[in-house]
Each structure stands twice: as C-alpha cells, then as structure tokens.
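Observations on chain architecture
Next come the chains, spelled out residue by residue.
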Number of protein chains: 2
Amino acid sequence: MLLYPGFTALDAIGPYQALAGAPGYEFTFVAERRGLVGNGGSFTMEAPMSIDELDQVAVLVVPGGVAAIELAHKGGPLIEWIRAMHANTQWTTSVCTGALMLGAAGILTDVPATTHWYCMDDLRTYGAVPVNERVVEHGKIITAAGVSAGIDMGLLLLEHLAGTDYAQAVQLDMEYDPAPPFQSGHPRSAPPHITAHVKGMYDQMLGRA
Amino acid sequence: MLLYPGFTALDAIGPYQALAGAPGYEFTFVAERRGLVGNGGSFTMEAPMSIDELDQVAVLVVPGGVAAIELAHKGGPLIEWIRAMHANTQWTTSVCTGALMLGAAGILTDVPATTHWYCMDDLRTYGAVPVNERVVEHGKIITAAGVSAGIDMGLLLLEHLAGTDYAQAVQLDMEYDPAPPFQSGHPRSAPPHITAHVKGMYDQMLGRA
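Residues numbered from 1 in each chain as written. Chains lettered and ligands numbered in written order. Predicted model: local features only at pLDDT ≥ 70, side-chain atom pairs only at ≥ 80, totals over all residues.

Topic: the packing of helix α6 (residues 149-162) of chain B against helix α7 (residues 164-173) of chain B
Residue and element names in this part refer to chain B. Across the interface, α6 lies against α7 with an axial gap of 7 Å and an inter-helix angle of 140°. Classified by chirality, the crossing of α7 by α6 is right-handed. Along the contact surface, α6 presents L155, L158, E159 and A162, while α7 presents T164, Y166, A167, V170 and Q171. Class assignment for the residues of the contact of α6 with α7 results in six nonpolar, two polar and one charged. (Axes fitted to C-alpha atoms, helices over the stretch in contact; angles between N-to-C directions. Helix = DSSP H or I, 4+ residues; strand = E, 2+ residues; numbered from the N terminus. Left-handed = near helix turned anticlockwise from the far one by under 90°. Contact = placed C-beta atoms within 7 Å. Nonpolar A, V, L, I, M, F, W, Y, C, P; charged D, E, K, R; others polar.)

Here's what the structure looks like:
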C-alpha cells in the first residue's frame, strides 16, 4: 500500500484491516521515503519501505485523500512508480481519489472506474469511464468509491487472493455488519442541504467555487 | 484515543476518521509512553502524548484488540488511567474488546454494553450487562461491537459532540454507504462453518479450546 503525505487515514486502514493477513502475501506500507507519513492532521504512521526498495509488487493499493488530487495533477515519482508497478501486478487497486493517481499513471484509459462521489467527473480527465458503483472491477484493476468503500474493496480483493471462505472469515472477524447512523452516505440518500454543504466545502478548498 | 501495543488498526482509525475534526475538540492519540505503537503486525502509528501528560480528557475512546483481553485481565497503568479519566469525561467510549478495558477499570458495573461478538460473555466478568447491539449507549458510556462498529459509534458520538448536520456531513464525506460483499458480518448471518472456524481460531489463541 502506497502512502504519501495527506492520504486519508481510513482509506488506508480499511483495506489494510481486510488484507493484512492474506496468506501467501506479505503486506507492507511504502512511501517515497521510509519513515513517518502523516494525513495532514493528527494521524501519523510508519512506512517501513521506500518506493526505491520495491521494484515489483503482486498487489498495489493506492488510498486517496485531498492530496491525491494534486499529486495526480502534478505527476512525479509516485505516479511513475505506480505506472511501473502496474506492469507486473496481479491486482492494481485504489480507494477514493487514489483512482486519480492511477489515472495519472495512464492506466485507466477507457477503464470503467469509481472514486469519491465529489470527484467522479475528474476521472474523465484521465480517460476513465466513471461508474457510480461502490467498487468497480475491470480486468486486474479494482477501484473503490470514497474513503470507507475501501473496506468493501478490501474484502472483495481478499476473496481473489485467498478465497471466499477466508474473506468471509475476515468479514466476521472485523464484525463488518454495518449500521450507518444516518441516511447520509452518498448524495443519492443524504439530505440535499448536507450534500450542498460538503460539495461547497470542497469547491472552496479546491478553488472550484 | 488510547493506544497500546496490539490494538486493532481499524478499531482506532474508524472512529478517528469520524471524530478527528470535531469542532471545539482537539483530537490526540495517547499511549503509556510517547512514540510509536504497533498493532503487533505491519501497522505502526504515532502516539504524540503519554498518559502522564493528560490528566483530564473530554472524550475517551478505547479501541480493542486481542491485547485488550490480556490488559483487562492484568490491570495496570492503562486501566488505572482509564478509571481516572472517566471521572471527568463527557463521554467514555470503547470499540470491540476495548469494552473489557473499561470493565476492568470498574466503570461497567450493571452497565448495558457491547463488544466483539466473540467476547460478549467476557463482559459479565466485569459486571456489565451484555447487549447484542452494534452500539450501546448508557449515560455517558458508549460501547461499540467488533472492529468496524467503531465507525458507527464514531458517527453517533460525533452527533453528540457537533450536532446531526455535522455528523451527517462527515458520513457523506467518508462516503459511508456500506456494501458488505458477503452476509458474514455477524454470527447471526455468517455461514455456520465460518463462525465455527473463527470461534475455533480464537478459542485456540486464547487457550479456551
């Protein structure tokens, strides 16, 4: 799993919780440089490897975050690394705006994909075909919707890696029997004034107002 | 949020994602000693404060993990700290087996509470009244079921701290519109052989076989 400053904590730890123990695979967090990586707030975690130390991975997971939008736009070593890794992965996956980083790496051209609801149109910038689904699988590329969708993606990916029984056991172990307290998880269900507020916040933050 | 070696990553980061930005509150991770704290696997994160540096907190969140069962059984400085903090909290909360640590601190006597499905009976050891619900609120104590239930608890707690609109906006921002891939999130819905397998794994791990 690739980390970078400004990634969203749950984007990473949702799929981590599903995937970390997959038999036959060794899970590692990786970043541009070894060491601590923060979400831009009060969460800081360790990436024990740098991208230079990994020239091939079986499974790549790219979490999102507001920072991912900018990283995708600017390009750079992380985007180059994603492109290089993708050539040899079994699975290349993203959560939330991590999809834009896959897109920037040039691997979503004509690929059906999803991302955070706010950024669905941004997928077109990278030639992807936006699909309003929680998880979208196309060949070896799996993209998940915003933040918490990484848990659903992680369990589906785990089924590919370790089989249905194993994935079901992990779902039971993490007691993933969700009971969202509000009807507010997607613009299709959220109160319109709530959607307008969150959209407005991002429009302002990203200078799209 | 209290961290300790062997906590479960998603137990912590689920509610973190909900609560970190609560207006009027400053979120911090705390551990017995400042510095890095690991889950016993490939996840290590930073606790920027030690328990000695905090003599009062408005809101306490105690995540679970297999280590929590042992910590609750043994007692010690973390359990003492929980007891001391609880005297002045607005809210004292737990995820998963974090409830056993609250119990060990003596604050669940006759309190309806929940925890990971595997440990429901362990709650009685600490005088609590097990309730088979995803999130149980009793006075200022809120307990959540296993691992991923911390997301639901975090959003409900956020409603208390910041109001319904704010909590709904955060749910939308984290696109918490779950689509579990399997009917396997709780023993009531999981295939019986899956439940037997996971239960057997814990029985063996904890010497309860």
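Describing the sheet that holds strand β6 (residues 91-95) of chain B
Residues and elements named next belong to chain B. Spatial ordering of the open sheet is given by β5-β6-β10-β9, a layout of four strands whose pairing is mixed. Edge positions in the open sheet fall to β5 (59-62) and β9 (135-138), since each of these has one partner strand only. In this sheet, adjacent strand axes meet at a mean angle of 10° when their direction is disregarded. The sheet contact formed by β6 and strand β10 (residues 141-144) spans four bridges and is parallel. Among the inter-strand pairings, T92 is bridged to a residue of β10, identified as I141. (Pairing = 2+ DSSP bridges.)

Remarks on the environment of E175(A)
Residue position: E175(A) is located in the loop between α7 (164-173) and α8 (192-205). Its 24 C-beta neighbours within 10 Å are what place E175(A) among the buried residues. Beyond its immediate sequence surroundings of up to four residues, E175(A) is in contact with H116(B), W117(B), A145(B), G146(B), V147(B), S148(B), A149(B), G185(B) and H186(B). (Buried ≥ 20, exposed ≤ 12 C-beta atoms within 10 Å, placed from the backbone.)

A look at the interface of chain A and chain B
Counting from both sides, the interface comprises 56 residues of chain A and, opposite them, 56 residues of chain B. Broken down by secondary-structure element, the contributors of at least two residues to the side of chain A that touches chain B are α1 (9-19), β3 (44-47), α6 (149-162), α7 and α8 of chain A. Among the elements that line the side of chain A that touches chain B, the one with the most residues is α7(A), at seven residues.

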